[in-house]
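Each chain, letter by letter, is given below.
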Amino acid sequence: MGFFDRLLRRPPRLHVAHDSGTGAGDDRPVVVLVHGLASSSVTFDNLVPLLEPDYRCIAIDLLGFGQSPIPEHARYTLDEHTAALRRTISSRRLRRPFTLVGHSLGSLISARYAARRRDEVSHLVMVGPPVYLPPAAMGDPADRASMGLYFAAYQFLRSNREFTTRAADVLASIAPIEDVLEVSERNWTPFVLSLENAIESQTSLADLADVTAPVDIVHGTLDPFIAPGGLKIVSQLRKVTMTRVSGMDHLIRPKLAREVERVIREHG
């Protein structure tokens, strides 16, 4: 058996940064929180306090990020990220279906998880999902051009390490959430491979088609990672509800957090 087969069969357990209900007697509904690329569970610092009084909140650091393991030969595909997430959630021994909330890359991983583990997920919430399709698949010329720009930009970031790490440092220094962004020597490989093998090579449309739970997509109107053409196609799926939050960007600031809280509570 090769390394990658072993990684899928026996994936590493991820770091659980926050679990507000570890006791066996905790009967609150469960919300599992999965952050995005080059970030960590601090992504949800504005959301967790809103939910904790009534929900058990479990925030997990993705493979290669935060305090989770960085396997030497991992390729950081959606399957690898999902397998590690599955093992970690299983270790929590949850007794009933839960709400799965993913932000950015985490939303793509969460969609794959919900498609593969239908009996576990009662509600999927995707926050700021970077839904990208091959430009050639876009019928509208403007959408096709826009989609092509995203792929070109990501290829540039992957190919220019010094520029990318410096830009990330600048953005991190002015971000309203401490330590919400890290692109460094430590996580450069997880960053590059997750970008290439999970975001650029995503299958989110097919995954969402296989999800049986209700799906809420919440995003800011100023989110630079939102491709309107991709969301336009996703919004046509019968089980998907879209919420646009005026004036918000990609980060889960207080206003966006309140909207995410609202859609979670609407499903119990």
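Below or above, wherever it landed, is the structure these notes cover. (Residues numbered from 1 in each chain as written. Predicted model: local features only at pLDDT ≥ 70, side-chain atom pairs only at ≥ 80, totals over all residues. Heavy atoms only, no water.)

In this section: the overall build of the protein. What the protein contains, in helices and strands, is 10 helices and 7 strands. Counting only C-alpha atoms and orienting by the principal axes, one finds that the protein spans roughly 50 × 40 × 40 Å. Here the protein holds 268 residues, and 51% of them are scored as buried. Summarising the internal contacts of the protein: among those between residues at least 6 apart in sequence, 79% fall at separations of at least 24. A total of about 12000 Å² of accessible surface is found on the protein, and carbon and sulfur atoms cover 51% of it. Computed over 31 positive and 31 negative side-chain charges, the separation of the two mean positions in the protein equals 6 Å. (Helix = DSSP H or I, 4+ residues; strand = E, 2+ residues; numbered from the N terminus. Buried < 20%, exposed > 50% of the residue type's maximum accessible area, 1.4 Å probe, protein only. Contact = heavy atoms within 4.5 Å. Areas by Shrake-Rupley, 256 points an atom, 1.4 Å probe, with all protein chains shown as cover. Lys, Arg positive; Asp, Glu negative; His and termini not counted. Charge placed at Lys NZ, Arg CZ, Asp CG, Glu CD.)

One open sheet holds the 7 strands; their spatial order is 1-3-2-4-5-6-7, and the pairing between them is mixed. Looking at the sheet topology across the chains shown, the edges are occupied by strand 1 (16-19) and strand 7 (240-245). Sheet twist, expressed as the mean angle between neighbouring strand axes with direction ignored, is 15 degrees. Relative to strand 7, strand 6 (residues 215-220) runs parallel, the two sharing 6 bridges. When the sheet's bridge partners are listed, glycine 220 is paired in strand 7 with valine 245. The strands touched by helix 3 (residues 78-91) within the sheet are strand 1, strand 2 (30-34), strand 3 (56-60) and strand 4 (98-103), with strand 3 carrying the most contacts at an inclination of about 145 degrees. Across the face of the sheet, helix 4 (residues 105-116) comes into contact with strand 2, strand 4 and strand 5 (121-127) while running at roughly 145 degrees to strand 4. (Pairing = 2+ DSSP bridges. Axes fitted to C-alpha atoms, helices over the stretch in contact; angles between N-to-C directions.)

The phi dihedral of tyrosine 76 is positive, around 55 degrees, even though this residue is not glycine. Structurally, the position occupied by tyrosine 76 is in the loop between strand 3 and helix 3. Its identity as a non-glycine residue notwithstanding, arginine 93 has a phi of 55 degrees, on the positive side.

Counting across every chain of the model gives 20 salt bridges. Between arginine 265 and glutamate 261 there is a salt bridge, and its shortest N-O distance comes to 2.8 Å. Of this pair, arginine 265 and glutamate 261 both sit in helix 10 (residues 254-266), separated by 4 residues, roughly a single helical turn. Note on arginine 265: relative accessible area 31%, which makes it partly exposed. A single salt-bridge network, built from bridges that share partners, covers Asp79, Arg112, Arg116 and Asp207. (Salt bridge = Lys/Arg side-chain N within 4 Å of Asp/Glu carboxyl O.)

Below, the discussion takes up the packing of aromatic side chains. One pass over the structure, following the stated rule, counts 7 aromatic pairs. Look at phenylalanine 98 and tyrosine 113: their rings are 6.3 Å apart centre to centre, the planes differ by 55 degrees, and that puts the pair in the tilted class. Of this pair, phenylalanine 98 sits in strand 4 while tyrosine 113 is found in helix 4, placing the two residues 15 residues apart along the sequence. Here phenylalanine 98 and tyrosine 113 have matching classes, each one buried. A ring pair is formed by tyrosine 132 and phenylalanine 151, whose centres lie 6.2 Å apart and whose planes are at 65 degrees; its orientation type is edge-to-face. (Phe/Tyr/Trp six-rings, centres within 6.5 Å; stacked < 30°, edge-to-face > 60°.)

A separate point is the side chain of serine 104. Looking at the secondary structure, you find serine 104 in the loop between strand 4 and helix 4. Among the polar contacts listed, one links the side chain of serine 104 to the side chain of histidine 250, at a separation of 2.9 Å. Setting aside residues no more than four positions away along its own chain, serine 104 makes contact with Gly36, Val127, Gly128, Pro129, Pro130 and His250. (Polar contact = N/O pair within 3.5 Å; in protein donor to acceptor, adjacent residues only side chain to side chain.)

Right, let's get into the packing of helix 3 against helix 4. Contact pair helix 3 / helix 4: the axes reach a minimum separation of 9 Å and the direction vectors enclose 70 degrees. The orientation of helix 3 with respect to helix 4, classified from their angle, is roughly perpendicular. Residues Leu78, Asp79, His81, Thr82, Leu85, Arg86 and Ile89 of helix 3 pack against Leu105, Leu108, Ile109, Arg112, Tyr113 and Arg116 of helix 4. Of the residues contributing to the contact of helix 3 with helix 4, the split by class is 7 nonpolar, 2 polar and 4 charged. (Parallel < 35°, antiparallel > 145°, perpendicular 65-115°, else oblique. Nonpolar A, V, L, I, M, F, W, Y, C, P; charged D, E, K, R; others polar.)

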